[in-house]
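For reference, the chains in residue letters:
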Amino acid sequence: MVIIFKRLCPAPVVLLALLAYNAAVMDRRKKFLLFDIDGTLLHSGGAGRRALGAALCEAGVAAEVVEAISLAGKTDRRIVLAALRDSGHHPAALPGLMADVLESYLVHLAANLEERPARPYALVRELLAAVRERADMEPGLLTGNIPAGARLKLESARLGDHFSWGVYGDHSEERSDLAREALRRLQAGNGGVHPRDVFVIGDTCADIACGRAIGAVTIAVTSGFEPAAELAAAAPDHLVPGFRQLFDLWDLPLPRLNS
Ligand SMILES: [Mg+2]
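Sequence order as written defines residue numbering, which begins from 1 separately in each chain. Side-chain atom pairs in this predicted model are given and counted only at pLDDT of 80 or more, local residue features only at pLDDT of at least 70, and totals for whole chains, interfaces and linings cover all residues.

Chemist: Give a description of the sheet that holds strand β1 (residues 31-35) that names residues and reports values.
Modeler: As summarised here, the arrangement of the six strands in space is β5-β4-β1-β6-β7-β8, forming an open sheet in which the pairing is parallel. With partners counted over all chains shown, the strands left at the sheet margins are β5 (166-167) and β8 (238-240), one partner each. Pairing between β1 and strand β4 (residues 137-142): five bridges, direction parallel. When the sheet's bridge partners are listed, Phe35 is paired in β4 with Leu141. At least two DSSP bridges between two strands are required for those strands to pair. Strands are runs of DSSP state E lasting at least two residues, helices are runs of H or I lasting at least four, and both sets are numbered from the N terminus onward.

Now the structure itself:
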């Protein structure tokens, strides 16, 4: 059939037809959407920073060290370990101290979110609902949060029902390791997944870097914590102001919005 087609058609036409066929096949393959949480799906109104700060202060970390901590794109483990190391704690004491800090962090986080719930960014809830209707799309989490912290934030923003799996900050201090683990699990559970069928969506350059580390399609939203110019310099596959553009990208029906 292909031979007859090649004899009947000039080479450029054959090439275009093959490209179109490949594009159609790629379009039909299942897509895996890996979302960062803070600054991407929701804004916790500083609850995470306040809770972590309170827990670190209880562990003897000086207030100025806590204030200087940058959270964006980092895993919870990395943040806590760096703060404890900077405070001069003995390396042998770090694992025990970290466990104490993270336990206290969850208590403070729950209290903070109770007082002021996290809020999802515009159209996040609608997009996740639209994805749920698609058999060829599966959402997951790729986040530096420890699992219990992620759950508290998502439930506070009423987004908890949309995710059945994820890779969290308890897996490694390095965000790229989280992405590698996510791809490993996807490929083990789905009979081989092409990295370009995996989308990493986040609000920091660290999200872009970890997505690129596994060859995924990277999407940076400028509605989060890092300046748009810095995100643009990191050259994600897609740089978008918010979730509105993701409806177009994934051919999802836009919800009716009250004007
Ligand atoms: Mg983030």
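The discussion continues.
Chemist: Explain the pairing of strand β6 (residues 198-202) to me, and be specific about the residues and the numbers.
Modeler: Every other side chain in a regular strand lies on the same face of the sheet, so the side chains alternate between the two faces. Counting other C-beta atoms within 10 Å of each residue's C-beta, where C-beta atoms are placed from the backbone, gives the exposure class: buried for 20 or more, exposed for 12 or fewer, partly exposed between. In terms of burial, β6 is a largely internal element, five of the five residues being buried. Side chains Val198, Val200 and Gly202 project from β6 onto one buried face, and the interleaved Phe199 and Ile201 project onto a second face that is buried too. By the bridge criterion, four bridges tie β1 to β6 in an arrangement that is parallel. Counted as the bridge partner of Leu34 is Val200 from β6. Examined bridge by bridge, β6 and strand β7 (residues 217-221) share four bridges and lie parallel to one another. Note that in β7 the partner of Ile201 across the bridge is Ile219. Note on handedness: a crossover is taken as right-handed if, strands pointing away from the viewer, the path from the first strand over the helix to the second is clockwise. Taking the sense of rotation as the criterion, the β-α-β connection linking β6, helix α10 (residues 205-213) and β7 turns out right-handed.

Chemist: Go over the nonpolar core, please, and point to the residues and values.
Modeler: In this description, a nonpolar core means buried residues of the types Ala, Val, Leu, Ile, Met, Phe, Trp, Tyr and Cys, linked to one another by C-beta atoms lying within 7 Å. Ranked by size, the top nonpolar core spans 54 residues in total, and within it Leu34, Leu142, Val198, Phe199 and Val200 carry the most contacts. When residues of this core are assigned to domains, at least three map to each of domain 1 (29-44 + 118-249) and domain 2 (47-115). A pair of residues counts as a contact when their C-beta atoms, built from backbone coordinates, are separated by no more than 7 Å. Other than its neighbours up to four places away in sequence, Val198 contacts Phe32, Leu34, Leu183, Leu186, Val193, Ile214, Ala216 and Val217. Domain extents, as shown, originate in an automatic or database domain assignment.

Chemist: Describe the environment of Asp86, naming the residues involved and giving the relevant values.
Modeler: With respect to the element layout, Asp86 can be found in helix α5 (residues 76-86). Asp86 sits in the partly exposed class, given 13 other C-beta atoms within 10 Å. Separated by 24 residues in sequence, Asp86 and Ala62 have C-alpha atoms that sit 9.6 Å apart.

Chemist: Lay out the packing of helix α9 (residues 175-189) against α10 in plain terms, naming residues and giving numbers.
Modeler: It is the contact of α9 with α10, at a shortest axis distance of 8 Å, that shows an interaxial angle of 40°. As judged from the angle between their axes, α9 and α10 are oblique. Relative to α10, α9 is oriented so that their crossing is right-handed. Residues Arg175, Ser176, Leu178, Ala179 and Arg180 of α9 touch α10, and the partners they reach there are Ala206, Ala209, Cys210, Gly211 and Ala213. Here the term charged refers only to Asp, Glu, Lys and Arg, the term nonpolar to Ala, Val, Leu, Ile, Met, Phe, Trp, Tyr, Cys and Pro, and the term polar to all other amino acids, Gly among them. Grouping the amino acids of the contact of α9 with α10 by side-chain chemistry returns six nonpolar, two polar and two charged. In this analysis an axis means a line fitted to C-alpha atoms, helices contributing only their contacting stretch, and an angle means the value between N-to-C directions, from 0 to 180 degrees. Should an angle lie under 35 degrees it is considered roughly parallel, over 145 roughly antiparallel, and from 65 to 115 roughly perpendicular; all remaining angles are considered oblique. Two helices cross in a left-handed way if the nearer one is turned anticlockwise from the farther one by less than a right angle. They cross in a right-handed way if the turn is clockwise.

In short, geometric facts, not functional conclusions.
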